Each structure stands twice: as C-alpha cells, then as structure tokens.
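# Structural overview
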Amino acid sequence: MSQPTVQTRDLCRRYGRRWALARVDLDLEPGERLLVLGANGGGKTTLLRVLSTATQPTRGTLRLFGLDPARQPEEVRRRLALLTHLPSLYDDLSGTENLRILARLLRKPLNVRPLLEQVGLDDRPDPVRSFSAGMRKRLSFARLLIQEPELALIDEPYGQLDPDGFLLVDRLVAELSRRGTTVILASHLVERAAGLCARALLLHQGLPRWAGPASDAPKAWSTLHRGAA
C-alpha cells in the first residue's frame, strides 16, 4: 500500500504569543483534494506554509509521503509544489524563458510551448513584468505543472483571474488529481472551490472549527459567520 501523502497530529505554529495554527489533524491519500476555508488571518496560509516546509511547526507531528521533513527536507521538497497568491517569477524574462529555466533546474527536457497553450498564454517575447496579474497567475500554474508534484499546495487559486481563468483552474486541479497528485486548496470562493474537492476543513483563528464533505462547506461557512456576527 502507498504511504499517505499528508499526516499531521496536533500541528501548531506560534508567532510570538499568537497561535496562528493549532491542533490540526490531517490524513490525505494520493489524489485526494482538500479545500481549506477561513477568513483572512484564519490560518489557511500558515497551514500551507508549514506543509510546504517553508515554515517549521512549533509543535506537533508532520509526515509527508511517510517522511519526516525535519530529517529529509530535500527529498520532501522535491515532491511538492507551493503556489502562493504572490507568485515568484523572473520579471525580466519572458514566460517561455521562465519555464525553460525551471525545466533545466529540474533536469526535464521539455517543450514548453504546449504548456503555455494549456494555461492560455502565447509564446510571446515580452518580459513577465509587462504581464497582467491574471497572466502571471496562469504562468505560475504552468510552473506547477512542470514540477509534476505529488502534493500541490495552492493558495487562492482563483485570485487575479477572469471567468475563463476560473475554468482553467477547475481543469488543472482535476488534471492534477487524475495524475495522483494530492491537492490542498485555500480559497475564499467557498461554493466554487467546494465543487472541486471531496473534503473541506474550516479554520477560524487558527483552530479547526469544522471538517466534513466539501459539499457541506458553504453551509458550515455561513453558520460560522452567523455565529461570529
């Protein structure tokens, strides 16, 4: 049997005296899709950063692919990808050059033109600094696809995108799942993102407040907000 992609127990992260994340228990298998909900400052981004190994947990247990990231960080990082709402790109290079650099770093001989087409971008020579925010987001998705991760952590996937971009995200997330990639989405667009996932986790002030089928997430989100009002 394959190892679970993600296992956490009592996962916590503190900044000074403030607990940004606490008591998070997760079990995710290859190909599963989890939606993480919460208001700004609720812990969504912190959770993704801890799972990506960009931030160390203050307390608790974390296993990725059956490995301890503290002991085998390079092996773990090689198998996951994090797409943030502020993607890191080489602004002075074209989209094609950005993808080629990543492909070389990963030692993957790759024709990047089909990837650009897949995310709705042309093979254009102008630098990324001239791209709109939506174009930059599309290019970031192409970078994620090149990595072929076993775990994809995606923060606000619909941000900066138009309606066509929303459909693109839906297609790409479904494709990743078909490949066996475990996908964790953090999003404010509850109903839209819930349609992509089987399970959901609602964080409030860093704490898990609800977990269940993604189809029930909009109701759980609404109930929490009514109670907090």
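Residues numbered from 1 in each chain as written. Predicted model: local features only at pLDDT ≥ 70, side-chain atom pairs only at ≥ 80, totals over all residues. Heavy atoms only, no water.

Turning next to the pattern of salt bridges. Going through the model one piece at a time under the given rule, you end up with 17 salt bridges. Between Asp-27 and Arg-9 there is a salt bridge; the shortest N-O distance is 3.0 Å. Linking Asp-27 in strand 2 (residues 18-28) with Arg-9 in strand 1 (residues 6-15), this pair joins segments that are 18 residues apart in sequence. Through salt bridges that share partners, Glu-75, Arg-78, Arg-79 and Glu-150 make up one connected network. (Salt bridge = Lys/Arg side-chain N within 4 Å of Asp/Glu carboxyl O. Helix = DSSP H or I, 4+ residues; strand = E, 2+ residues; numbered from the N terminus.)

Compared with the 22 Å implied by 1.5 Å per residue over 16 residues, the 23 Å span of helix 6 (residues 163-178) between its first and last C-alpha is a close match. Of the positions making up helix 6, those classed as buried are Gly-165, Leu-168, Val-169, Asp-170, Leu-172, Val-173, Ala-174, Glu-175, Leu-176 and Ser-177. (Expected span 1.5 Å × (residues − 1). Buried < 20%, exposed > 50% of the residue type's maximum accessible area, 1.4 Å probe, protein only.)

In terms of nonpolar packing, the biggest core is built from 44 residues, with Leu-35, Leu-99, Leu-139, Ile-154 and Leu-185 touching the most fellow members. It is helix 5 (residues 133-147) that contributes the most residues to this core, seven residues altogether. Ile-154 has contacts with Leu-48, Leu-83, Phe-141, Leu-144, Val-183, Ile-184, Leu-185 and Ala-186, leaving out every residue within four places of it along the chain. In this structure, Leu-47, Leu-51, Leu-151 and Leu-153 belong to the second largest nonpolar core, which totals 24 residues. (Core = buried A, V, L, I, M, F, W, Y, C linked by side-chain atoms within 4.5 Å. Contact = heavy atoms within 4.5 Å.)

Our next topic: the environment of Asn-40. Turning to its location among the elements, Asn-40 is positioned in the loop between strand 3 (33-37) and helix 1 (44-51). For Asn-40, a relative accessible area of 68% translates into the label exposed. Sequence separation between Asn-40 and Asp-162 is 122 residues, and the spatial gap between their C-alpha atoms is 22 Å. Within the structure, the side chain of Asn-40 is placed 3.1 Å from the side chain of His-188, a separation counted as a polar contact. (Polar contact = N/O pair within 3.5 Å; in protein donor to acceptor, adjacent residues only side chain to side chain.)

When you line up the elements, Asp-155 lands in strand 6 (residues 151-155). Classification of Asp-155 as buried rests on a relative accessible area of 4%. Placed 32 residues apart in sequence, Asp-155 and Ser-187 show a C-alpha to C-alpha distance of 6.6 Å. If sequence neighbours within four positions are ignored, Asp-155 has contacts with Thr-45, Leu-48, Leu-83, Thr-84, His-85 and Ala-186.

Here we take up the sheet that holds strand 1. Judged by pairing direction, the sheet is antiparallel, and its three strands sit side by side in the order 2-1-4 without closing on themselves. Since the sheet does not close on itself, it has two edges, and those belong to strand 2 and strand 4 (59-64), each with one partner. Taken over all neighbouring pairs, the strand axes of this sheet differ in orientation by 25 degrees on average, direction set aside. Here strand 1 runs beside strand 2; their pairing, made up of seven bridges, is antiparallel. When the bridges of strand 2 are listed, Leu-11 appears paired with Val-24. With respect to the sheet, helix 1 is in contact with strand 1, strand 2 and strand 4, its orientation differing from that of strand 1 by roughly 120 degrees. (Pairing = 2+ DSSP bridges. Axes fitted to C-alpha atoms, helices over the stretch in contact; angles between N-to-C directions.)

Turning our eyes to something else, we now look at the layout of surface pockets. One number sums up the size of the largest pocket: a volume of about 770 Å³. Forming the walls of the largest pocket are 27 residues, and the residues nearest its centre are Leu-80, Ala-81, Leu-82, Arg-143 and Gln-147. Secondary-structure elements contributing two or more residues to the lining of the largest pocket are helix 1, helix 2 (73-78), strand 5 (80-83), helix 3 (95-105) and helix 5. Its volume calculated, the second largest pocket comes out at about 180 Å³. In this structure, the second largest pocket is lined by 14 residues; those nearest its centre are Asn-40, Gly-41, Gly-42, Lys-44 and Thr-45. Among the secondary structure elements, those contributing two or more residues to the lining of the second largest pocket are strand 2 and helix 1. With three residues, the top contributor of residues to the lining of the second largest pocket is helix 1. Among the residues making up the lining of the second largest pocket, the classes are represented as two nonpolar, eight polar and four charged. (1 Å grid on protein atoms, 1.4 Å probe; cavity = no way out; pocket = protein on both sides within 12 Å on 5 of 7 lines; lining within 4 Å. Points joined across faces, edges and corners; volume = space filled by probe spheres on them. Nonpolar A, V, L, I, M, F, W, Y, C, P; charged D, E, K, R; others polar.)

Don't take any of this as a statement about function, it's just geometry.
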